[in-house]
Structures are given as C-alpha cells and as structure tokens.
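# Fold and geometry: a report
Now for the letters of each chain:
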Amino acid sequence: MTIQIYELCGADQKHLFSPHCWKVRMAVAHKGLQWETIPVPFTEVAATEGGDSRRVPVIRDGDNVVEESFEIAKYLEANYADKPSLFGGAAGEALSLQIVNWSVVTLHPEVAKLCLMDIYKALAPADQEFFRTTREKMFGCTLEEFSAKHPKNADGLTKALTPLEMTLKTQSFIGGATPLFADYAVFGALQWLNTTSSTDYLSGDTAVLRWFNTLLDMYDGMGRKGKLAA
Ligand SMILES: N[C@@H](CCC(=O)N[C@@H](CS)C(=O)NCC(=O)O)C(=O)O
C-alpha cells in the first residue's frame, strides 16, 4: 500500500521545503516503503485530511492518519517493525526526542534568520499573505524588519552546529554507523535552508557538510531532487 505524505509546498508544488516534512519523507524512505507526496500550500494545511487546525506533515497509511513528525516516526517503527529501525530500540527512541527538541530549539531559529524572506518569496500570493500575517504576529515585527535584524552569514548556524560537528568527527552519523531518525531530524532543519536559500551556508571542510551531503545522496539522491514521489 502506498503511504501518502502531505507536505508543505511553495508556489511551485514541487518546491517542498518544510523541515518537519523532510524528516518524515526520509523516515519513510529509510523504511523502504512506497509513498507519494501530496503537496499542500500554507492556506490549505489546517484542513488537511478533513482537519481544522492541522499542521503538516500528516500521513495516511490505509485507514490510519497520523500527524506530527515524531509521532509519525513512532508509528512507522511500530507498524513496520520488520523494516530497518528508525530508533535502534527504546533507548534510541528516547534519545531521539532530545535530538528533535535540540534541533527545533537551537537550529530552527538560526535557519529562520537566514531564509525567512526566501520562504516568503517562494510562496503563492494567498500563502504569502497568510505567512506574513501569522509570522509577523509571532515575531512582533514585519518580515522585513526580522530579516534586517539578522546578518546573512553562517556564524550563528555554525556555532549552533558545534556539538554536531564534534560528534560527526568521531562517528559517521548521529545514529552511529548508519543514519537513524535523529539524523533525519537534524537533516530536516538544514534541508529547510538548503531548499529555500541560494546561498551555501554550509561550506568548508567540515564533518557536518560531509554528513549532510551523504544524506542528500541517500535514497536515490532524493534530497537533491526534491522529487515529488518515490
Ligand atoms: N511539531 C510538528 C510541527 C509541524 C509544523 O510546524 N509544520 C508547519 C510546516 S513546517 C506547518 O504545518 N505550518 C502551518 C502553519 O504555520 O499554519 C511536527 O514535528 O510535525
């Protein structure tokens, strides 16, 4: 059965940039499952799968509808236990939650500082209006003021990535020898930047960039193509 992944899209439906959605499509690919993307613009997210206040990613797997990227990873792990593990056991699942939260609290703000206006420009007009209204309320200033406050260089992101750089100097993945959901959680944050900004903020001879490129190449180079369906 084909799993449907509802993913945020830009004006171009092939432009899939949501960090949380990337975590899920990497997780589904990791499990080797058949899947297809259903692109959803900002203004249609809330009503996904008959909801009224949903956020994406949402997946439909047969009769099951699951929302929230970490819940989806847990669902896939429980329901496709015979496929490669996303957590490597209960302790790995518990530790993954820490990585998920670290990524959202530490990396996401650094990424947003660099690409907020790029996201805005990539949206269809109705979605731009939605994005402006909701984000300006969230930030307490205009998108332009928010963007102007933050210099467009990699300093903040590089600093936030220091623990990951240290880890990846001694092991290939956060999961060890092979990637686990924890890797995809951090990959999602950086892929958000990669799919929205034309500047390569990850550069130089770093373990993080080598790791990121390896993940971009996985699953048929899915991360490089931003393709719609497996
Ligand atoms: N904790 C959720 C976060 C999901 C989330 O924030 N999704 C964003 C897209 S990246 C969304 O649906 N935004 C809709 C909106 O802002 O109205 C997860 O991990 O799935």
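See the structure above.
First things first, this report covers the structure right here in the doc.

### Description of the overall build of the protein chain
A count of helices and strands for the protein chain gives 10 helices and four strands. Listing the helices and strands of the protein chain from first to last along the sequence gives β-α-β-α-β-β-α-α-α-α-α-α-α-α. Taken against the 2.2 N^0.38 rule, which gives 17 Å for 230 residues, the C-alpha radius of gyration of the protein chain at 17 Å falls within 12% of a compact globule. Counting only C-alpha atoms and orienting by the principal axes, one finds that the protein chain spans roughly 50 × 45 × 30 Å. In the protein chain, which comprises 230 residues, the share counted as buried stands at 34%. Considering only contacts within the protein chain whose residues lie at least 6 apart along the sequence, 70% involve residues at least 24 apart.

### Some points on the site of the ligand
Taken together, Leu-8, Ser-18, Pro-19, His-20, Phe-42, Val-45, Arg-55, Val-56, Pro-57, Glu-68, Ser-69 and Thr-134 make up the full set of residues near the ligand. Contributions of two or more residues to the shell around the ligand are made by α1 (19-30) and α2 (42-45). Here the residues of the shell around the ligand sort into six nonpolar, four polar and two charged.

Cut-offs and rules
- Residues numbered from 1 in each chain as written.
- Predicted model: local features only at pLDDT ≥ 70, side-chain atom pairs only at ≥ 80, totals over all residues.
- Helix = DSSP H or I, 4+ residues; strand = E, 2+ residues; numbered from the N terminus.
- Rg over C-alpha atoms; globule rule 2.2 N^0.38 Å.
- Buried ≥ 20, exposed ≤ 12 C-beta atoms within 10 Å, placed from the backbone.
- Contact = placed C-beta atoms within 7 Å.
- Near = placed C-beta within 6 Å.
- Nonpolar A, V, L, I, M, F, W, Y, C, P; charged D, E, K, R; others polar.

Interpretation in functional terms is not warranted from these geometric data alone.
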